[in-house]
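Observations on chain architecture
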Amino acid sequence: MVRRLWVEVAVAVAAMAAATSVGYANVPDVYGGGELFAFSGLDGESNEAHDFVGAFSSTAYGVDFAYVTAPTAVSFGMSTGQLADSDVVVATGDVLYVIDGTTQQDLLGLAFSAWHTLTGFVSGSVSVALESSSWHSDLGCWIVSDLLRTESIALTNTSQGTIGVAYGRSVSEACDRATEGAGGDFSEVMDARLSSFSVLPQLSDPGKDRLLKKCFSVMKVNTLTAEGSINYMWSTPDREPHREMWLWDSCFHSFAMNLFHPDISWQFLQSVLSKQLADGKILCEMDFDGISNIEDTQPPLLSWAVWENYQVTKNISSLQYAFPRLEKYIQWDMKYRDSNGNGLLEWRVQKSENCPCGESGMDNSPRWDYQNAFGIPYTMDNIDFSCFAAQEMNYLSLIALELNDTDKAEEWQAQASELSSSIHSDLWSSSLKFYTDRMMDGNYSEVKAVSMFTALLLPDIPEDHLQALLQLLQDPSSFNTVVPIASVSKDNAAYSTDMWRGPMWVNFNFLTAVGLKNHGYKDMANSIIESTITCMQKYYEKEGKIFEFYDSADEVDPENVLRKGTPSGSIRDYHWSAALLAKMLVELELQ
């Protein structure tokens, strides 16, 4: 199998970053409303328990704090003319800075100085307000509190135009912090937050360079410090609503963080591994307060992620820590997700209108439309689960070899080969001419889903199977949509804009591109990568956000696509989308 030389990539990224001036060159500057706004664990202590996480307001400039028990918003008021002439200089996950585009004079600024405090300013006739607040003259602050006053948010603004916004567990604590925030220097705080871009290479195309910085801003805002039952730095898909630590999400986050902070990338993985249950199971989602989804696991990518991190750090202790845990996890999968004992793995399914198979990560795919009379999807031998497991066994073999355990290396390689062989013989339909799920009665699912391309991750795919997959990838009526790769074939009756029922997902584009490169199809892989970048850049420049998924027909804006049946739109500033896009951008530049 062809494997990327991570050390060379990381060294190249470091060299490019060293030659880059920090400054404000190509800093994200698109304000669309809905972008995440919070303090990052990369800059200091974070605190997810209190949920002081904001999002840019969708109407005028401001920040909505909708998740605390005392929801409010910081809103900036300006005339229609000022708003029309305004120019956003910085719009990242922790800084907002706006000037007058005609006079170049400062209008407003707001930046996180700590997880609980923001420093900012307003100038001229620009006003600032804290919605639903009351004035506390004794403290000199505007205050919003919950009914029991166990949480408060305060705003103070001085005659010099400086402002402070803060969260506190009491009114006085919030006011003290806000007063301290108003006494801070916005420029210094902004410079401190933007200095994180110093680890990034400067890409040759200014638009893509700005897009890379936006991606890193999303990665940054979703990176958290140790908290509660999580003892290391960790990552979350999008602070809100998916504020927990998720299994396969963390792996995708790690793949990109390897390029910029490999030590933190390892902690992402270590945090997941440290939450392993005694029987070997690793849960789908894990919370800092110990509350977790105890039913589901998620796609196994951890051995791959650990190995890729090791290619950068060469820290043998990470392999020593991870290996026994990785073994126990795959053994748990093989024991508890193979009900018919044939060696092929089965996702846990359940009766649910919108999420019959959350464990697979493909919550509402038409794959689960095969259901019994009670509305419960049939248990099937699943192509993606089995391919991921076979790949994990290959990586376990590599890790064992690196640890000088040749017996374990041979054992895992033998298991990988056996499982891979079963996949090629039992999950390939000779009549349908593609890989698919197989029901317990031996019948094949006729749903052509993007999950079939996980077979490209296996080193021993038969040539005729490979060519059939390549043909489907190039077929406009199947997966080669306006924005490839559709998550379900375009000729499927269920094809739509609803999550896994048609849209393009960056993680499967990434997985497919990796598989294609492994088999020597670099040009086809690059074509998928370039189309992914083009789509995501288009909507970043229009909306200011990195989305969870995109309409593969490119007819519906990500803000308006269906999500589990409702037109709520794709989740914004989604971590794995940003992380994998960042990885694509950097690696394409280095080719």
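Heads up: these notes are all about the structure in this document. Residue numbers restart at each chain and count upward from 1, following the sequence in its written direction. Only residues with pLDDT of at least 70 are given local features in this predicted model, and only at 80 or more are side-chain atom pairs given and counted; all residues enter the totals for whole chains, interfaces and linings. Water and hydrogen atoms were dropped before computing side-chain values, which therefore reflect all heavy atoms in the structure.

**Re the pattern of salt bridges**
Put simply, the rule reads: The rule for a salt bridge is simple: a side-chain nitrogen of Lys or Arg has to be within 4 Å of a carboxyl oxygen of Asp or Glu. Every helix listed is a DSSP run of H or I at least four residues long, and every strand listed is a run of E at least two residues long, numbered separately from the N terminus. Partly exposed residues are those whose accessible area sits between 20% and 50% of the maximum for their type, while under 20% is buried and over 50% is exposed, using a 1.4 Å probe and protein chains only.
Inspection of the entire model under this criterion finds 25 salt bridges. One salt bridge in this structure joins Arg193 and Asp43, with 3.0 Å as the shortest N-O distance. Linking Arg193 in helix 4 (residues 186–194) with Asp43 in the loop between strand 1 (36–37) and strand 2 (54–56), this pair joins segments that are 150 residues apart in sequence. With a relative accessible area of 9%, Arg193 lands in the buried category. Accessibility expressed as a relative area gives 24% for Asp43, which makes it partly exposed. Arg243 is the partner of Glu240 in a salt bridge, and the nearest nitrogen-oxygen pair spans 3.4 Å. For the residue pair Glu240 and Arg243, the accessibility class agrees, reading buried in each case. Each of Asp43, Asp94, Arg193 and Lys220 takes part in salt bridges that share partners, so that together they form one network.

**Details of the sheet that holds strand 13 (residues 162–168)**
Basically, it comes down to this: In this description, strands pair whenever DSSP reports at least two bridges between them. Under this scheme, a helix contributes an axis fitted over its contacting stretch, all axes are lines through C-alpha atoms, and angles between N-to-C directions fall in the 0 to 180 degree range. Should any heavy atoms of two residues lie within 4.5 Å, those residues are considered in contact.
Read across the sheet, eight strands follow the order 5-6-7-8-13-12-11-10 without closing on themselves; strand pairing throughout is antiparallel. The sheet is open, and its two borders are formed by strand 5 (86–91) and strand 10 (134–136), each paired with just one other strand. With strand direction ignored, the average angle separating the axes of adjacent strands in the sheet is 20°. Both strand 11 (residues 141–145) and strand 12 (residues 152–157) contribute to a ladder of four bridges, which runs antiparallel. What sits directly across from Ser145, in strand 12, is Ser152. Together, strand 8 (117–122), strand 10, strand 11, strand 12 and strand 13 form the strand contacts of helix 3 (residues 171–182), whose direction differs from that of strand 13 by roughly 150°. Each of strand 5, strand 6 (95–100), strand 7 (106–114) and strand 8 touches helix 4; the most contacted strand, strand 7, lies at about 60° to it.

**With respect to the state of the cysteines**
Cysteine pairs can be covalently joined through their sulfur atoms, and such a bond is termed a disulfide. Put simply, the test is: Our working definition of a disulfide is a cysteine sulfur pair at a distance within 2.5 Å.
The full count for this structure, using the stated rule, is zero disulfides. Free cysteine Cys141: the closest other cysteine sulfur is in Cys175, separated by 3.2 Å. Here Cys284 stays unpaired: no disulfide links it, and the sulfur of Cys355, its closest cysteine neighbor, is 8.6 Å away. Here Cys284 falls in the buried class, since its relative accessible area comes to 2%.

**Details of the sheet that holds strand 4 (residues 72–77)**
Pairing is antiparallel across the open sheet formed by five strands, whose spatial order is 1-2-3-4-9. Only two strands of the sheet have a single partner each, and these edge strands are strand 1 and strand 9 (127–130). Direction of pairing for strand 4 relative to strand 9: antiparallel, over a ladder of four bridges. Pairing of Phe76 across the sheet is with Val128, part of strand 9.

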